[in-house]
Amino acid sequence: MTEEPNKEPNKGSKKALNLDPISQLNDGQKNTLYVLLLVLCGLGLNLLLPRLMGSLGLPLYLDSIGTLSVAAMGGYVPGVITAFATNGLNTIFDHEAIYYAILSIL
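Below you will find a few notes about this structure.

Calculation criteria
Residues numbered from 1 in each chain as written. Predicted model: local features only at pLDDT ≥ 70, side-chain atom pairs only at ≥ 80, totals over all residues. Heavy atoms only, no water. Helix = DSSP H or I, 4+ residues; strand = E, 2+ residues; numbered from the N terminus. Buried < 20%, exposed > 50% of the residue type's maximum accessible area, 1.4 Å probe, protein only. Contact = heavy atoms within 4.5 Å. Patch = residues over 30% accessible without salt bridge, like charges linked within 9 Å, V, L, I, M, F, W, Y side chains within 5 Å. Areas by Shrake-Rupley, 256 points an atom, 1.4 Å probe, with all protein chains shown as cover. Salt bridge = Lys/Arg side-chain N within 4 Å of Asp/Glu carboxyl O. Expected span 1.5 Å × (residues − 1).

As a further point, take the overall build of the protein. Summing up its helical and strand segments, the protein has four helices and zero strands in all. Listed N to C, the secondary structure of the protein is α-α-α-α in terms of helices and strands. Looking at the protein as a whole, 20% of its 106 residues qualify as buried. Taking contacts inside the protein between residues at least 6 apart in sequence as the whole, the part at least 24 apart equals 41%.

Following this line, the structure appears as structure tokens:
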């Protein structure tokens, strides 16, 4: 009567651990996460592209590419949030940017 040391009892009853946090979210939470990431990417585009064009000396005004992209992919409300956040952050560097907040939201 020798028992095999490598054989585990109830081997079939083990459950695999699911380490993917996205798969545990419901559809509403996935949509919220998608919109949040979309707004952050649009905000990054709105802040980085004008500075890149300014440092390269190119006369291109790419300060609303992120807002337009977010509004096209996510809808009106994420586009408005992106525009307002962009102008709010731009006021740190340029105090006159706050005057353009209403224009970019429209």
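Here the focus is a nonpolar patch on the surface. On the surface, a nonpolar cluster with roughly 780 Å² of combined accessible area is contributed by Ile98, Tyr99, Tyr100, Ile102, Leu103 and Leu106. When its relative accessible area of 64% is taken as the criterion, tyrosine 99 is described as exposed.

When the terminal C-alpha atoms of helix H1 (residues 27-56) are compared, their 43 Å separation across 30 residues agrees well with the 44 Å that a helix rising 1.5 Å per residue should span. Of the surrounding secondary structure, the elements contacted by the buried residues of H1 are helix H2 (65-74) and helix H3 (76-93). Backbone geometry just downstream of H1 places glycine 57 in the positive-phi region, at approximately 80°.

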